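Examination of the molecular architecture
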Amino acid sequence: MNSLYDKVKKNLIWKSVFRRDYRDTARNRAMAIFGNVFLHLHPVRVRESAVKLRYTWGMGGITFLAFIILTITGVVLMFYYHPTVDLAYLDMKDLEFQAPYGVISRNLHRWAAHFMVIVVMIHMFRVFMTGSYKAPRQFNWGIGVILLVLTFLLSFTGYLLPWDQLGFWAITVGTNMGAATPLIGYQGPFSEFLHITPYNDIRFALLGGAQVGGNALLRSYIWHCIAIPLISVILMFVHFWRVRKDGGISRPQH
Amino acid sequence: MNPFIEIITQPDNIAIVIMIVMVTFFTIWGFQQAFQNDKLKASGYAVDGELDQDVDTFKPLVRIELIISLVVVLFLSIWSIAVDAPLEEIANPTITPNPAKAPWYFLGLQELLVYFDPWLAGVVLPTLIVVGLMAIPYIDINPKGNGYYTFAERKYAVIIFAFGFFILWLLLIVIGVFDRGPGWLWYWPWEEWDHQRVVFEPTRDLTQVIGIESRSIPGFIIGAIVVIGYYVAGMLLPLRHWRKNNPELLAQLGMIRYNLIMFLFVTMMSVPIKMVLRLVFLVKYVWITPWFNV
């Protein structure tokens, strides 16, 4: 048994992948963190309060986990989906009846999306209740507020993609509010001074047309699958980076 | 089936039920810790976390992250096996569902449409909510309560935030999901929706209450006085009060911060005020202008 163990572990290939052994030494504990590209998001040592569930509720991390689950299931769904008026709804039916694990992929994606919205709101509540937005973390709270809005927008743009009645009318109701924007929406106050019509206002820009149609579907798709995730990931980098640079998880000052 | 059971077991509404349960749980947990810390501090002890040492990230933190991840994945898997994502009929621009509801997290804004015109409910107020949230760290200059749960040390901040978060945000969402039916009329969750129901509820404008036509010049002037006067009074009266009773705080805040706080606060309070005006006094508009109505 020992010789097999040696054969597996004491060779060039194994050692090239795993740079440390499992002995419980301070050096190994540190290397486990900074020797791993994913874990080195963490500092090597953290405050006890960062570990205590009653303090953080784990809500920020769970939000990020939900985002990862959504990215994975989202990519799976993209393999089966055409963002066109003719095919989008039929692809939903294909997911339901034809695609292997299509139903569970779509369910996971939808419920994880709802879950992420809930969790990110509770995360904000926790950060407020512990006063963690106070100096020196003011800027990171602002980033967090933008990420909250982006979470809503991610979910909102995804609503239209199944091209069913629910999504179609939810997006119609939502974007009609855009038409009421002062100055740049055709139903908004003062828009007549800028000669704004239904064909050149902010709603037209959002939908790529005067009503929800093929262009709106394509725009939703690209915002949902590429543009907003890209912006969100960049801001998440900033958000996580600033948590560390601002001194880690907040705790009482002496 | 019982309409109440029917409405809370609609697939998308299960998320709202989960939200209610989670928010309730964490609210109780948060405030319980806040009161506990307040008690500790009052008797001269250190608050929770004050005496914490540093620990290794590997394994205490990594372990708890792994466990939570597994629990969350398990929870979402069970949810996804038990409940199928809804898929309605194919999109049809010629058939408008009644009611046509926005996604649930925007239902608070849709609910505001009952009380405000779309440019306010859908554009100006949401923008101010986002700006106001981002402004919080810069206008809350109370250095206490940084890094631990507390209520006693930041009473006003917590009360104002909780009012906005629970009442103006979450409660309006819950109302939008469970209590709004065809025609955006109020239905208790246990009531059947009646698509034929019509409610005769003549609304009037504020100046019509005292007999002045709201679309006339006197009506315009009175409306302007009420709206602008609301802001001026809302921002000046606390100023007078603080000058007399708490000049140090005012000096610390400075005029820019003071004005920003009071503007955001007065705007926030205009929401419940307008709701009462509409629901109790059947007042639709306070101020009618040729360009917009408030």
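Residues numbered from 1 in each chain as written. Chains lettered and ligands numbered in written order. Predicted model: local features only at pLDDT ≥ 70, side-chain atom pairs only at ≥ 80, totals over all residues. Heavy atoms only, no water.

Here we take up the overall build of chain A. A count of helices and strands for chain A gives 12 helices and one strand. Reading the helices (α) and strands (β) of chain A from amino to carboxyl end gives α-α-α-β-α-α-α-α-α-α-α-α-α. Against the 2.2 N^0.38 benchmark of 18 Å for 254 residues, chain A shows a C-alpha radius of gyration of 24 Å, more extended than a compact globule. Across its three principal axes, chain A shows a C-alpha extent of roughly 75 × 55 × 30 Å. Put simply, chain A has 254 residues, and 50% of those count as buried. A fraction of 60% describes how many contacts in chain A between residues 6 or more apart in sequence connect residues 24 or more apart. Surface summary for chain A: the accessible area is close to 12800 Å², and the carbon and sulfur share equals 68%. Computed over 25 positive and 12 negative side-chain charges, the inter-centroid distance for chain A is 18 Å. (Helix = DSSP H or I, 4+ residues; strand = E, 2+ residues; numbered from the N terminus. Rg over C-alpha atoms; globule rule 2.2 N^0.38 Å. Buried < 20%, exposed > 50% of the residue type's maximum accessible area, 1.4 Å probe, protein only. Contact = heavy atoms within 4.5 Å. Areas by Shrake-Rupley, 256 points an atom, 1.4 Å probe, with all protein chains shown as cover. Lys, Arg positive; Asp, Glu negative; His and termini not counted. Charge placed at Lys NZ, Arg CZ, Asp CG, Glu CD.)

Looking now at the pattern of salt bridges. Going through the model one piece at a time under the given rule, you end up with 13 salt bridges over all chains. Across the pair Asp 246 of chain A and Arg 242 of chain A runs a salt bridge, and its minimum N-O distance is 3.4 Å. Its relative accessible area of 11% is what places Asp 246 of chain A among the buried residues. Several salt bridges converge on common partners, so that one network encompasses Asp 24, Arg 29 and Arg 45 of chain A together with Asp 56 of chain B. (Salt bridge = Lys/Arg side-chain N within 4 Å of Asp/Glu carboxyl O.)

Our focus in this paragraph is the packing of aromatic side chains. A ring pair, where both rings are aromatic, is described by two values, the distance of the centres and the angle of the planes. Using the criterion set out here, one finds 45 aromatic pairs over all chains in the structure. Ring centres of Phe 156 of chain A and Phe 106 of chain B lie 5.4 Å apart, and the angle between their planes is 70°; on these two criteria the pair is classed as edge-to-face. Taken together, the residues span two chains, with Phe 156 of chain A in helix 9 (residues 138–159) and Phe 106 of chain B in the loop between helix 3 (57–82) and helix 4 (107–112). Take Phe 106 of chain B: its relative accessible area is 19%, and that puts it in the buried class. In this structure, Arg 20 of chain A packs its charged tip against the face of Phe 58 of chain B, placed 5.5 Å from the ring centre. Geometry around Tyr 55 of chain A places Arg 126 of chain A over its ring, the cationic atom sitting 5.4 Å from the centre. (Phe/Tyr/Trp six-rings, centres within 6.5 Å; stacked < 30°, edge-to-face > 60°. Lys NZ or Arg CZ within 6 Å of the ring centre and 35° of its normal.)

In this section: the nonpolar core. Nonpolar side chains tend toward joint burial in soluble globular proteins. Counting residues in hydrophobic clusters, the biggest one holds 119 residues, and the most contacted among them are Met 121 and Trp 141 of chain A together with Met 19, Met 22, Trp 79, Trp 104 and Trp 169 of chain B. In terms of residue count, the dominant contributor to this core is helix 8 (residues 102–129) of chain A (17 residues). Beyond its immediate stretch of four places on either side in the chain, Trp 141 of chain A contacts Met 124, Val 127, Phe 128 and Tyr 133 of chain A together with Leu 133, Met 134, Ile 136 and Pro 137 of chain B. Met 235, Leu 239, Tyr 258 and Val 266 of chain B belong to the second largest nonpolar core, which has six residues in total. (Core = buried A, V, L, I, M, F, W, Y, C linked by side-chain atoms within 4.5 Å.)

So, about the interface of chain B and chain A. Interface size is commonly expressed as the accessible area that is lost once the parts come together. Of the residues lining the interface, 94 residues belong to chain B; the matching set on chain A comes to 89 residues. When the two sides are added together, the surface that chain B and chain A hide from each other amounts to roughly 8600 Å², 70% of it contributed by carbon and sulfur. Three residues, Leu 87, Asn 146 and Tyr 149 of chain B, lead the burial of chain B against chain A; their summed loss comes to 8% of the area buried on that side. Between chain B and chain A we count eight salt bridges in total. Here Lys 134 of chain A and Asp 140 of chain B are joined by a salt bridge, their closest N and O atoms 3.5 Å apart. For the side of chain B that touches chain A, the leading source of residues is helix 3 of chain B, giving 17 residues. As defined by bridge partners, strand 1 (residues 45–47) of chain A adjoins strand 1 (residues 54–56) of chain B across three bridges and the pair is classed as antiparallel. By the bridge assignment, Val 46 of chain A is partnered in strand 1 of chain B with Val 55 of chain B. (Buried area = accessible area lost by both parts, 1.4 Å probe. Pairing = 2+ DSSP bridges.)

So, on to the domain arrangement of chain A. Once the domains are mapped, chain A shows domain 1 (1–45) and domain 2 (55–160 + 212–245). For domain 1 of chain A versus domain 2 of chain A, the distance between C-alpha centres works out to 34 Å. (Domains from an automatic or database assignment.)

Residue and element names in this part refer to chain B. Over its 29 residues, helix 8 (residues 217–245) extends 41 Å from the first C-alpha to the last, a length consistent with the 42 Å expected when each residue adds 1.5 Å. Maximal helix bending in helix 8 amounts to about 25°, located at Gly 229. For helix 8, the full list of buried residues reads Gly 219, Gly 223, Ala 224, Val 227, Gly 234, Met 235 and Leu 239. Against helix 7 (206–209) and helix 9 (247–281) lie the buried residues of helix 8. (Expected span 1.5 Å × (residues − 1). Bend = angle between axes of the 7 residues up to and from the residue.)

Before going further, it helps to examine the environment of Thr 127 of chain B. Residues and elements named next belong to chain B. Looking at where Thr 127 falls in the secondary structure, it is placed in helix 5 (residues 118–139). Residue Thr 127 is classed as partly exposed on the basis of its relative accessible area, which comes to 44%. For the pair Thr 127 and Asp 12, spaced 115 residues apart in the sequence, the C-alpha separation amounts to 27 Å.

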